[in-house]
Amino acid sequence: MDPLHASDYAAIELLRDGRKVEIRPLRPQDRAALVAAVRRASSESLYRRFSAVRREFSQQEIDFFVNVDFIRHVALVAVAEEAGRPVIIGGARYVLVEPGKAEVAFAVIDAYQGHGIGSALMRHLTKIARAAGLNELIAEVLPDNRAMLKVFEKSGLRLAIRREPQVTHISLTLDQASARELKR
């Protein structure tokens, strides 16, 4: 996949409970749906994502989250159908921090946690990162966020963990052997 076409990416995932979820790029017109997803998340989930409980964001912050270029900043959302209409239930993104290296972040609303959405988002974000020529994904995770740590551990990527009292530093290596598997 040409990294310039990450904005056209789309996939359907079957969750552990049999429901289907679409994984697709976040679009500027998703602004209200993204804000609605944040409102549906618990204080604990927001704390795990932002290291603070944040219910409101400035227009500048929302612009950063929604207006991505799909080159230096890539954002995917997981969309499920609720009451006959599509609803954002999770998201993942990476932002380049230096050539070949990007920081990743994930969020899944509480009602959908534990169904494999974080792992699905990780697989698709990794596929895009490899296609873009990235070598490493990094993340800072709160030590008690076992679900996110488990997503990284089960990603199939080479994992390095450095623990500090307030944060766990994660480094995931995107190696060539793993990239060849994607072409099958």
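The structure under discussion appears in the preceding block.
(A) Summary view of the overall build of the protein chain. Helix and strand counts for the protein chain come out as six helices and eight strands. Going from N to C terminus, the protein chain has its helices and strands arranged as β-β-α-α-α-β-β-β-α-β-α-β-β-α. For the protein chain, buried positions account for 44% of its 184 residues. Taking the intrachain contacts of the protein chain between residues at least 6 apart in sequence as the baseline, contacts between residues at least 24 apart amount to 56%. Put simply, the protein chain shows about 10,200 Å² of open surface, and 50% of that area lies on carbon and sulfur atoms.

(B) Examining the packing of aromatic side chains more closely. All chains considered together, the criterion is met by one aromatic pair. On the numbers, 5.9 Å between centres and 75° between planes, the contact of phenylalanine 106 with phenylalanine 152 is edge-to-face. Note that phenylalanine 106 is positioned in strand S5 (residues 101-108) and phenylalanine 152 in helix H5 (residues 146-153), a separation of 46 residues in sequence. Just as phenylalanine 106 is buried, phenylalanine 152 falls in that class too.

What counts and what doesn't
- Each residue is numbered by its place in its chain's sequence as written, counting from 1.
- pLDDT decides what is reported in this predicted model: residues at 70 or higher carry local features, side-chain atom pairs at 80 or more are listed and counted, and totals for whole chains, interfaces and linings draw on all residues regardless.
- To get the side-chain values, take all heavy atoms of the structure and skip hydrogens and water.
- Strands are runs of DSSP state E lasting at least two residues, helices are runs of H or I lasting at least four, and both sets are numbered from the N terminus onward.
- Buried means the residue's accessible area, taken with a 1.4 Å probe over protein chains only, is under 20% of the maximum for its type, while exposed means over 50%, and partly exposed covers the values in between.
- Contact criterion: two residues are considered in contact whenever any of their non-hydrogen atoms come within 4.5 Å of each other.
- All accessibility values rest on the Shrake-Rupley procedure with a 1.4 Å probe; residue burial counts only the protein chains present in the view.
- Pairing of aromatic side chains here covers Phe, Tyr and the six-membered ring of Trp, requires ring centres within 6.5 Å, and sorts the geometry by plane angle: under 30 degrees stacked, over 60 edge-to-face, intermediate tilted.

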